[in-house]
Structure formats: structure tokens, C-alpha cells
Amino acid sequence: MDQKIICNCCGREIEMKQEIPVQDYLHIRKEWGYFSRKDGEIQEFCLCEECYDKITGAFLHPVRSVEVTELM
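If you're wondering where the values come from, they're calculated on a predicted model, not measured in any experiment.

About the cut-offs
Residues numbered from 1 in each chain as written. Predicted model: local features only at pLDDT ≥ 70, side-chain atom pairs only at ≥ 80, totals over all residues. Heavy atoms only, no water. Core = buried A, V, L, I, M, F, W, Y, C linked by side-chain atoms within 4.5 Å. Buried < 20%, exposed > 50% of the residue type's maximum accessible area, 1.4 Å probe, protein only. Helix = DSSP H or I, 4+ residues; strand = E, 2+ residues; numbered from the N terminus. Phe/Tyr/Trp six-rings, centres within 6.5 Å; stacked < 30°, edge-to-face > 60°. Lys NZ or Arg CZ within 6 Å of the ring centre and 35° of its normal. Salt bridge = Lys/Arg side-chain N within 4 Å of Asp/Glu carboxyl O.

## As for the nonpolar core
Grouped together as the largest cluster of nonpolar side chains are seven residues: I5, C7, I14, C46, L47, C48 and C51. For this core, the element with the most residues is strand 4 (residues 42–48), which contributes three residues.

Pasting the structure below:
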């Protein structure tokens, strides 16, 4: 299966080697529920790391970050 991963913000394609991404990215899937104007919708998007940094850098409250010392 030749599935491309595209950053929804800048349009950059995430590089793949043998169907495995070699660049990290953020994938978000949100199923909207009651009390939203999007009730019953599922939305998905991807962001490359650079766009993630740009967007979260503009947050009024910074993203909480915890360092992981043991990587799997």
C-alpha cells in the first residue's frame, strides 16, 4: 500500500522508507460530540514537526512537555 502522509498546514509530504515514516509528525483524529457545532463529525489531520512548533508556539498557554528518559 502506497499511502502518502501530507501535512495539512504546509502541504509537505512526510518522507517514507518501505512504508515507514522517517520523519515524525502529529496525527489528530477528533470525533465531535454533543454541545459542538460539529456533532456527529469525525475530522482528521496531520502536521509536520515544523508546523506543529509554529502553531503551538503561538499558544497563550504553552504545551506541557515531559522528558522521557527511557525510549522504546
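## Some thoughts on the packing of aromatic side chains
With the rule as written, the count across this model stands at one aromatic pair. Ring geometry for Y34 against F35: centres 6.4 Å apart, planes inclined by 65°, an arrangement best described as edge-to-face. Per residue, the accessibility class of Y34 equals that of F35, and both read exposed. The ring of W32 has K38 sitting right over it, with the charged end atom 4.8 Å from the ring centre.

## Some points on the pattern of salt bridges
Summed over all chains, the structure comprises two salt bridges. Two residues, R12 and E50, come together in a salt bridge whose shortest N-O distance is 2.8 Å. One end of the pair, R12, is in the segment before strand 1 (16–17); the other, E50, is in helix 1 (residues 49–57), with 38 residues separating them in the sequence. Among the residues examined, R12 registers a relative accessible area of 30% and is labelled partly exposed. Judged by its relative accessible area of 46%, E50 falls in the partly exposed class. For K17, the salt bridge is made with E15, and the minimal N-O distance between the two is 3.3 Å.

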